[in-house]
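Fold and geometry: a report
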Amino acid sequence: MTPPVPQSNYPDPYDPRLETDNIDLKRYISLFISNWYWFAVGLFIAVTIAYGINRWSEKVYTVSATMLIRSDQNEQLANIFPSSQGYRSQQNLNNEIGILKSYALNLEVMKQLPEFYIDYIAIGKRNIVEQRLYTDCPFVVKYENLDKQRIGKDVGIMILSDKNYELELDGKHTKKDTLEFGQKYNKLGFDFKIELRDSNRFVFDPNLSNKYYFTFLSPESLAGLYRGKLSVTPTTEDASLVTLGTTGTVFRQEIDYLNKLMEVYLDYGLSNKNETARKSIEFIEGQLGVISDSLRIAESALESFKQDNGFLDLSAEGSFIQSNLEKIDAAKSEFLMQKRYYEYLKNYVESKKETGDIIAPSVMGVTDESLTGLVSELTKFQLQKKQLEMNLDASVEPNKLIDANINAVKKAMNENIADGIRSINISLGEVEGKLALVEKEIRKLPSTERRMINLKRKYDLNNTVYTFLLEKRAEAGIAKASNVPDNRIIDNAGAYTTAMIRPRKSNNMMIAIILGLLFPLIGIVAIDLFNNKIIDKKDVERITQAPVIGYISHNNLSSEIPVVEKPGSTLSESFRSVRTNLKYFIKDLKNPVISISSTITDEGKTFISGNLAAILAMSGKKVLLVGLDLRKPRLHKLFGISNSTGMSNFLIGQDKFEDIVLKSGIENLWYAASGPVPPNPAELIDSDAMLDFIRRAKEVFDYIIIDTPPVAVVTDAMLCTSFTDFYVFVVRQRYSSKNTLKLIDDLYRNENLKSLGIVINDISLSGYYGYGLRYGYSPGYGYSYGYNYYGSYADRMYGYSGGSKNYYREE
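What comes next concerns the included structure. What you see is a predicted model; the values in this text were computed from it and never measured.

Rules used in this analysis
Residues numbered from 1 in each chain as written. Predicted model: local features only at pLDDT ≥ 70, side-chain atom pairs only at ≥ 80, totals over all residues. Heavy atoms only, no water. Salt bridge = Lys/Arg side-chain N within 4 Å of Asp/Glu carboxyl O. Helix = DSSP H or I, 4+ residues; strand = E, 2+ residues; numbered from the N terminus. Buried < 20%, exposed > 50% of the residue type's maximum accessible area, 1.4 Å probe, protein only. Axes fitted to C-alpha atoms, helices over the stretch in contact; angles between N-to-C directions. Parallel < 35°, antiparallel > 145°, perpendicular 65-115°, else oblique. Left-handed = near helix turned anticlockwise from the far one by under 90°. Contact = heavy atoms within 4.5 Å. Pairing = 2+ DSSP bridges. Expected span 1.5 Å × (residues − 1).

Pairs may arise between side chains of opposite charge once their charged atoms sit close together. Per the stated rule, a full pass over the model turns up 22 salt bridges. We note a salt bridge from lysine 738 to aspartate 539, for which the minimum N-O separation is 3.8 Å. Here lysine 738, found in the loop between strand 21 (726–732) and helix 22 (741–749), pairs with aspartate 539, found in helix 13 (residues 537–543); they are 199 residues apart in sequence, far enough to count as distant. Look at lysine 738 and you get buried, because its relative accessible area is 17%.

Set out below in structure tokens:
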């Protein structure tokens, strides 16, 4: 029958009707508290790992420096060579960043850092911890040629004293040699000697590890390594101020690398600028070499003539002719110089040079703006290609695009050069015509005057050209001397730009604490979510509406009937709670028959049967405990008696009622054992003899407790429905599957049984999570059944205070 809903002015906080599908925070709090040791172990492991990382992992530092990459133009140089790329910078920030990270530039850096070629490693005393060294290594490896060393091969060193050491090479066979510091080693592909870095300050300490090893590294591999970890980033989006950064385990080594990189980069930019000035000076020097010889001859001839003829003044007509001749010769020499420049430019274009160091047209007096622009464009594209080739293969698309631009500019230049040469040839023809007319006039003069004019003409012509070239050479020299790098260093790398990034001790410890708590939490929640065993009351309520009438704690005693041996124990109190709750269900019945069953074996139904019968007997009621599990009898073991006679004997008519109902050692408690296992237990339970046994038992006893077989295994227990007034189904914490509760729910919903209740058995307070916070149990204070719905109602009806603090004591 369905129990009435108790009337109360206050809602019960644990009323099953109030349960929802929301996350039960109290349940999980109880779950976490009862498994506190998981969190303790997780924290210990995580903090230990974090401590080990902080203590023994290699320290990694980040080092930075700052550079200004600018495109300022040196106005003085631009005036001298206005179209030269060396003096009119066309730098692009991305290109400059590419140059800084290029393999070629980094290789040049490594060639200037020979200390990097040897990697020194110190080994700890336990041969576990390794520390990378740099100039702080107590010894230094000296060699003459890196090509005579085995690159990438580890060489072990054990310092034996301040005089000698042991060298070890690992291979197919370990090779050890004892050498003195400064002694040359020339074996197995090596050629070096090891010396103390500072013999005056070195003190040998035998308590230290004194173990080291070193490895030779190639500049090529180092260049690839460092360019890979170099970062170059603008300080802001539109700024040309960039920050160079790198990371490493030896910050002094990273400082040296960044400073040397910036130094080589500035030298690279300056050398590009100087290259144009150098080429211009070389070109002018070549022209001067030719003119100086002609000038010397002309000067010598003029001086000889004056010595032979004494002082000679030209006539007015001769002076006029000479003046015209000088002007025409000056124009002719200018056209010839321009023509030589056009021929130089033509040879440059046709030779397919890509140096980007073209001599500016202004050097030789060419003022064609179109040609100046083309020379500037060609120089710009060639330098861009040169920069790209430091990082990209010639076959990639950006290089192909620049090649197309270069070819287009060269085509336009060829046309311009051809037009320029034609124009100069025309001008030269005109000059030659004027010269022919002047020479006719010269022939009319006296021979001595005519000879004087010719000698002075040659001298003045060569002297004018020579003077012009000297001025240009001086200007080029000034330009070269005035060259400074376009870029400059703002902040050198140093200790003040260094920061340790790993290990981050505080972060590691914080992460360890979080993970140390998180992993146990996730583990406990995951176990709870995937758990298919019955853990608490809510697991039962989710599956079945059958009432839970009690909770039996774990039996830590050796006795099978602990309620008798320890009547004041927690376990005894739990059975008293079940006894109290049963009164509510069977209060109108006389001589009730209570069947104890379970869904599967080993859930503790026999233990519950015996102790429930004993606790009822201890209340002054006459109780008969019947073992009706005829297939697997165990009831006789509770009392330590023989199972030779019992219910099976009575049901087949072999023994009488009085013969099988025996007095136990507990007052008011009788029992009937199962007896020998029969071949047909189901038929015997469903016989009239069974009904007769129950009728006679009711005449004598106040309660009949029947230990029946599991309902999910055999049907024997269901055969007892005709004479059973109340069924108690036992489920065991962490043992019974949630699926078995579906059977109990079907029996309850389909009303196959008259009345039914569930007892949760073997509750462990230190188990998966505690029942205390969920069901009102406080360690040391007993079960507070006032928080249980049915227990609360029974307490109010019968005046039982199962939650009294001083009600029981452990004995």
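Picking up after the structure, the text goes on.
Quick look at the environment of isoleucine 514 now. You can see isoleucine 514 is positioned in helix 12 (residues 505–530). The sequence separation of isoleucine 514 and valine 47 amounts to 467 residues, and the corresponding C-alpha distance is 9.9 Å.

Across the interface, helix 1 (residues 25–34) lies against helix 12 with an axial gap of 11 Å and an inter-helix angle of 120°. On the basis of their axis angle, the class for helix 1 and helix 12 is oblique. In the packing of helix 1 onto helix 12, the handedness of the crossing is right-handed. Here Arg27, Tyr28, Leu31 and Phe32 of helix 1 lie close against helix 12, whose contacting residues are Leu521, Ile524, Val525, Asp528 and Leu529.

Bringing the sheet that holds strand 4 (residues 139–142) into the picture now. Strand order in the open sheet formed by three strands is 4-9-8, and the pairing between neighbours is antiparallel. Of all strands in the sheet, those with a lone pairing partner are strand 4 and strand 8 (184–185), marking the two edges.

Attention shifts here to helix 2 (residues 36–56). The periodicity of an α-helix, 3.6 residues per turn, causes residues three or four places apart in sequence to face the same way. The end-to-end C-alpha separation of helix 2 is 30 Å, in line with the 30 Å expected for 21 residues at 1.5 Å each. Turning to helix 2, its buried residues are Phe39, Gly42, Ala46, Ala50, Gly52 and Asn54. Along its buried surface, helix 2 packs onto helix 1 and helix 12.

Any functional reading would require information beyond the geometric quantities listed.
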